[in-house]
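Chain and residue survey
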Amino acid sequence: MNQKSELKEMSDPRATEQASDGNDCVLRASFRIHKDDGEPIRRLLDEFELIDHSCKPFADDIYLYLPLIRYPEKEERLAFRDRLMPIISLLPHPKKKMEYYGWYLKDVPFQVQKKVPTVYEILGYSVAYEVIGDIAVIDDRAGGDENLKDGVSSFNVSDIADAVLTTHSAVKTVLLSAGQISGEFRTRPLEFVKGENKTATVHKEYGCKYRIDLARAFFTPRLSTERRRISEQVQDGDVVIDMFAGVGPYSIAIAKNASSSCVIANDKNEDAFSLLRENIALNKVSNIVALNEDALFLSEKYAGAGDHVIMNLPHNAFDFLDTAVAVCKPGGVIHYYAMAFEDDLFDGSVELIRKAAEKQDRFIEVVEKRTVRSYAPHQYNICLDVRIL
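The sections below set out a description of the structure shown in this document.

Reading the values: rules and limits
- Residues numbered from 1 in each chain as written.
- Predicted model: local features only at pLDDT ≥ 70, side-chain atom pairs only at ≥ 80, totals over all residues.
- Heavy atoms only, no water.
- Axes fitted to C-alpha atoms, helices over the stretch in contact; angles between N-to-C directions.
- Helix = DSSP H or I, 4+ residues; strand = E, 2+ residues; numbered from the N terminus.
- Parallel < 35°, antiparallel > 145°, perpendicular 65-115°, else oblique.
- Left-handed = near helix turned anticlockwise from the far one by under 90°.
- Contact = heavy atoms within 4.5 Å.
- Nonpolar A, V, L, I, M, F, W, Y, C, P; charged D, E, K, R; others polar.
- Buried < 20%, exposed > 50% of the residue type's maximum accessible area, 1.4 Å probe, protein only.
- Polar contact = N/O pair within 3.5 Å; in protein donor to acceptor, adjacent residues only side chain to side chain.
- Pairing = 2+ DSSP bridges.
- Phe/Tyr/Trp six-rings, centres within 6.5 Å; stacked < 30°, edge-to-face > 60°.
- Lys NZ or Arg CZ within 6 Å of the ring centre and 35° of its normal.

Moving on: the packing of helix α7 (residues 224–233) against helix α8 (residues 249–257). Viewed as axis vectors pointing N to C, α7 and α8 meet at an angle of 40°, and their least axial separation amounts to 9 Å. Between α7 and α8, the angle is such that the two are oblique. Every pair of crossing elements has a handedness; the one defined by α7 and α8 is right-handed. In this structure, α7 uses E226, R227, I230, S231 and E232 to contact α8, whose residues at the interface are P249, Y250, A253, I254 and N257. Residue classes in the contact of α7 with α8 are distributed as 5 nonpolar, 2 polar and 3 charged.

Listing the buried residues of helix α3 (residues 38–47) in full gives G38, P40, I41, L44 and L45. Where α3 terminates, the next one or two residues include E49, which has phi positive at roughly 55°.

This part takes up the side chain of N279. Mapped onto the elements of the fold, N279 is located in helix α9 (residues 270–282). In this structure the side chain of N279 is engaged in a polar contact, spanning 2.9 Å, whose partner is the backbone oxygen of V247. Apart from the residues lying within four places of it in its own chain, the contact partners of N279 are K209, Y210, R211, V247 and I252.

Before going further, it helps to spend a moment on the pairing of strand β16 (residues 328–341). Burial of β16 is extensive: 10 of the 14 residues sit out of reach of the surface. The sheet contact formed by strand β15 (residues 306–311) and β16 spans 5 bridges and is parallel. Within β16, the position partnered with I310 by the bridge is H335. Sheet topology note: the β16/strand β18 (residues 379–388) ladder contains 10 bridges and is antiparallel. The residue bridging V333 from the neighbouring strand is R387, located in β18.

Turning next to unusual backbone geometry. With a phi close to 55°, D361 is a non-glycine residue in the positive phi region. Tracing the chain through its elements places D361 in the loop between α12 (347–358) and β17 (364–376). At H378, a residue that is not glycine, the phi angle is positive and equals roughly 70°. Inspection of the secondary structure assignment puts H378 in the loop between β17 and β18.

So, on to α8. In terms of burial, α8 is a largely internal element, 9 of the 9 residues being buried. Turning to α8, its buried residues are P249, Y250, S251, I252, A253, I254, A255, K256 and N257.

What follows covers the packing of aromatic side chains. One pass over the structure, following the stated rule, counts 8 aromatic pairs. Ring centres 5.5 Å apart and planes at 70° place the aromatic pair F31 and F80 in the edge-to-face group. Remark: F80 occurs in helix α4 (residues 74–88) and F31 occurs in strand β2 (residues 25–34); sequence separation between them is 49 residues. For the pair F31 and F80, one class covers both residues: buried. Joined through ring pairs, the aromatic side chains of F31, Y71, F80 and Y104 make up one cluster. When the ring centre of Y71 is taken as reference, the NZ or CZ atom of K106 above it lies at 4.8 Å.

Turning our attention to the environment of L282. When you line up the elements, L282 lands in helix α9. Owing to a relative accessible area of 28%, L282 belongs among the partly exposed residues under this scheme. The spatial distance from the C-alpha of L282 to the C-alpha of K209 is 7.1 Å, given a sequence separation of 73 residues. In contact with L282, not counting residues within four places along its chain, are K209, Y210 and R211.

What follows concerns the sheet that holds β15. What holds strands together in a sheet is hydrogen bonding between their backbones, with the strands either parallel or antiparallel. One open sheet accounts for 7 strands, arranged β14-β13-β12-β15-β16-β18-β17; its pairing is mixed. Strands at the two margins of the open sheet, each flanked by one partner only, are β14 (288–291) and β17. Averaged over all adjacent pairs, the angle separating strand axes in this sheet is 15°, with direction ignored. Lying over the sheet, α9 contacts β13 (262–266) and β14, oriented at roughly 160° with respect to β14.

This part covers the sheet that holds strand β9 (residues 190–195). Pairing in this open sheet of 4 strands is mixed, and the strands run β6-β7-β8-β9 from one edge to the other. Edge positions in the sheet fall to β6 (129–132) and β9, since each of these pairs with one other strand and no more. Taking each pair of neighbouring strands and ignoring which way they run, the sheet shows an average axis angle of 25°. Where β6 and strand β7 (residues 135–139) come together, 4 bridges link them in antiparallel fashion. Each residue of the ladder has a partner; that of V131, found in β7, is A136.

The next point concerns the environment of A357. Looking at the secondary structure, you find A357 in helix α12. For the pair A357 and L389, spaced 32 residues apart in the sequence, the C-alpha separation amounts to 8.7 Å. If sequence neighbours within four positions are ignored, A357 has contacts with V325, R362, F363 and I364.

Bear in mind that shape data such as this cannot, by itself, settle questions of function.
Right, dumping it as structure tokens:
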């Protein structure tokens, strides 16, 4: 791909025809992409603060047109290209990848859209919730003002649901997370609030689709960046052991990104395993071995096999460290997730991994320490990337 085609400027008569149906239009620069792949690219453009949220994106038979606040400078386009390349590798249209470099358009008419109020603007206080497919789940600790400090009350949960439905037009169901994630299979109690009474949905993330049933298996979109980060580390030919795969978001993203790798995706939860198998078929990946076994015994089949070992079981991954070290090949990396308090974010977990390695006459090298997200007051979900030598 040469530089000239990458920075191609053009105007598209189809874009003009599609966008100008409305009366109130403005001319904006645009980024044009295949419409099936829009969401991950939109997120990245938003991260670069390039999306013009006052204008309404539109699509024709093939493309989605995203409005930009300005035509980016050369340095911005090159920086965006560098971030775009690993995302493109995860998208389901390998024959179209080259077309992404050069679809900056100038002077495309976009309809001005009425600003949708945020949940905060509607309610007057902050609310913690997450959107999974077409389901929104309100955190039972969601309230942001003093009246809600003890959790979402029955008095206001209906108002919160109305605000979420108003802000997110694609959301069809609002549920309340009525307690902590608990139990061997990391499920959480959910209460129906408004919309369609269901717990199953399809969630899209970086070119992958996941069938999810929130009552049967745990899933959170808040780890999407983490899943992408790990998938970008895996090279073709690597063996990846996903000890607690759930419905498959790590395993499937990795399998699509490194198509000649071998991914061992395991989960003891039979419901999660069933959804994992569905999602493997849905995403048309053939390099995943799906297992429904107790992770403690994975070393019986896969001792010393893993280039990457994923331990996304943050509340009690430490119980499985002996197995993780055993299945990790010399020089392989364990991706260890844990819950930690702010006064000891990493040291305690590093020491647990070190002791597990020493029991097998092995050593460790800490590659990276990450605070993934806030989980509760003074408590964080952390990740350690640790090489086992």
